[in-house]
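For reference, the chains in residue letters:
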Amino acid sequence: MAANATPGLQIRATKQCISASRDISKLSNISFSFGSKRNPFTDFSGSSYISLTKPIHSFKLAPIKFERMVTKAMSEASEQVPVPGLPIDLRGKRAFIAGIADDNGYGWAIAKSLAAAGAEILVGTWVPALNIFETSLRRGKFDESRVLPDGSLMEIAKVYPLDAVFDSPEDVPEDVKANKRYAGSSKWTVKEVAESVKQDFGTIDILVHSLANGPEVSKPLSETSRKGYLAAISASSYSFISLLRHFLPIINPGGATISLTYIASERIIPGYGGGMSSAKAALESDTKVLAFEAGRKHKVRVNTISAGPLGSRAAKAIGFIDMMINYSLENAPLQKELYAEEVGNVAAFLASPLASAITGATVYVDNGLNAMGVGVDSPAFSGLGIPKDNKN
């Protein structure tokens, strides 16, 4: 393809080994692999506030060359040049992603995919993490992971302080207002952030909810306090309702919203407690109802992505994330690591006109683990000759 082809994600079936070189500085047609940082893990509960800096591997796969379908991106835009293939083109679109505080989580990966497709990026960052995030961004600590397929760096038009647990200033208790972690920040409730975005940019086209928190997530559901349960619901599911409620008036018709959920909403995942399974179930149910309401009133689509288990600091705190990652590798139809960029690519598709008829859907991005009814790594299935990848 010509070097001056239109930018954006191209849906083209190309084969590439996961160990292939990604020297983006020397290519005009580049595999969409987010530069050099390919963190295979992100927050287990869907939050992108906190993330693990080192991947967790309790066992290793043999050096098998998995062939992956990769999206292609063009370099050096020219709107006059026709785009071959089927493009994910988000040029002229503006996205607000709530829940980015570092460069390792799902939120960051989604932002990169949207940016690679041409969207302008706005970010909402949890207030206590705002200073560290902005400082790291300013000092270039994220530059390596900001690299887009065309070699340029993802630009964030503006970072807004945000605490999606609070809808308006009247909801903020005095102890939070006096908390030193919130000192120096203002207009960070959902209502105020939506108003600030409207004042600064007028409208948006894409709203992404990448937020979750369960203060008692390590407790079994039967031992979860009412306060802990309601806190999980508030931060992990109602926060999406609040974001949609306040941003919907400034989302352009034809726009899209995306949230992140997890299979614990419908299957038993021991250890994923504290009301988090309930919160994810609520989020998926709300997705359907809000798809109807937002679609009828504003012509806006509402979908959620159910991503597989990927690690972060928050997930590590649960204490069994490495076990779940290994379980997925052993039992999913596709025996490979799940990359944050794969979730980002699906989000870019759902936000694009290519998904204009998709709303109210839970889209699974988990190597097919959701389809399994049993764990095939059980000794009970050892005599069935189930194909497996060779391991060390």
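Residues numbered from 1 in each chain as written. Predicted model: local features only at pLDDT ≥ 70, side-chain atom pairs only at ≥ 80, totals over all residues. Heavy atoms only, no water.

Draft legend 1. Structural context of the pattern of salt bridges. Using the criterion set out here, one finds eight salt bridges in the structure. One salt bridge in this structure joins Lys219 and Glu216, with 3.7 Å as the shortest N-O distance. A salt bridge links Glu342 to Lys336, with the nearest nitrogen and oxygen atoms 2.8 Å apart. Glu342 gets classed as buried once you look at its relative accessible area, which sits at 16%. On the basis of relative accessible area, Lys336 is assigned to the buried category, the value being 16%. Overlapping salt bridges bring together Asp143, Arg146 and Glu155 as one network. (Salt bridge = Lys/Arg side-chain N within 4 Å of Asp/Glu carboxyl O. Buried < 20%, exposed > 50% of the residue type's maximum accessible area, 1.4 Å probe, protein only.)

Draft legend 2. Looking closely at the packing of helix 1 (residues 106-116) against helix 9 (residues 340-351). Between helix 1 and helix 9, the least distance of the axes is 8 Å, while the angle of their chain directions is 50°. Relative to helix 9, the element helix 1 is oriented oblique. Handedness of the crossing formed by helix 1 with helix 9: right-handed. Taking contact as the criterion, the partners of Tyr106, Ala109, Ile110, Ser113 and Leu114 in helix 1 are, on helix 9, Ala340, Glu341, Val343, Gly344, Asn345, Ala347, Ala348 and Ala351. Tallied by class, the residues present in the contact of helix 1 with helix 9 amount to nine nonpolar, three polar and one charged. (Axes fitted to C-alpha atoms, helices over the stretch in contact; angles between N-to-C directions. Helix = DSSP H or I, 4+ residues; strand = E, 2+ residues; numbered from the N terminus. Parallel < 35°, antiparallel > 145°, perpendicular 65-115°, else oblique. Left-handed = near helix turned anticlockwise from the far one by under 90°. Contact = heavy atoms within 4.5 Å. Nonpolar A, V, L, I, M, F, W, Y, C, P; charged D, E, K, R; others polar.)

Draft legend 3. Broad picture of the packing of helix 4 (residues 190-201) against helix 5 (residues 226-247). With their axes 9 Å apart at the nearest point, helix 4 and helix 5 run at an angle of 35° to one another. Helix 4 and helix 5 meet at a crossing whose hand is right-handed. Two secondary-structure elements touch here, helix 4 through Val190, Lys191, Val193, Ala194 and Val197 and helix 5 through Ser242, Leu243, His246 and Phe247. Residue classes in the contact of helix 4 with helix 5 are distributed as six nonpolar, two polar and one charged.

Draft legend 4. Up close: the pairing of strand 8 (residues 120-126). For strand 8, the buried fraction is high: five of the seven residues fall into the buried class. For the handedness criterion, the β-α-β arrangement of strand 7 (residues 94-98), helix 1 and strand 8 is classed as right-handed. The pairing of strand 8 with strand 9 (residues 156-162) spans six bridges and is parallel. Within strand 9, the residue paired with Val123 across the bridge is Val159. Taking the sense of rotation as the criterion, the β-α-β connection linking strand 8, helix 2 (residues 127-138) and strand 9 turns out right-handed. (Right-handed = clockwise from strand over helix to strand, strands pointing away. Pairing = 2+ DSSP bridges.)

Draft legend 5. Spotlight on the sheet that holds strand 13 (residues 362-365). The strand order across the open sheet formed by seven strands is 9-8-7-10-11-12-13, and the pairing between neighbours is parallel. The strands lining the two open edges of the sheet, one partner per strand, are strand 9 and strand 13. The average angle at which neighbouring strand axes cross in this sheet is 20°, direction not considered. Judged from the five bridges that link them, strand 10 (residues 204-209) and strand 11 (residues 251-261) form a sheet pairing that is parallel. Each bridged residue has a counterpart across the sheet, and for Ile204 the counterpart in strand 11 is Ile251. Here helix 6 (residues 276-298) sits on the sheet and contacts strand 11, strand 12 (301-307) and strand 13; the angle it forms with strand 11, its principal contact strand, is near 175°.

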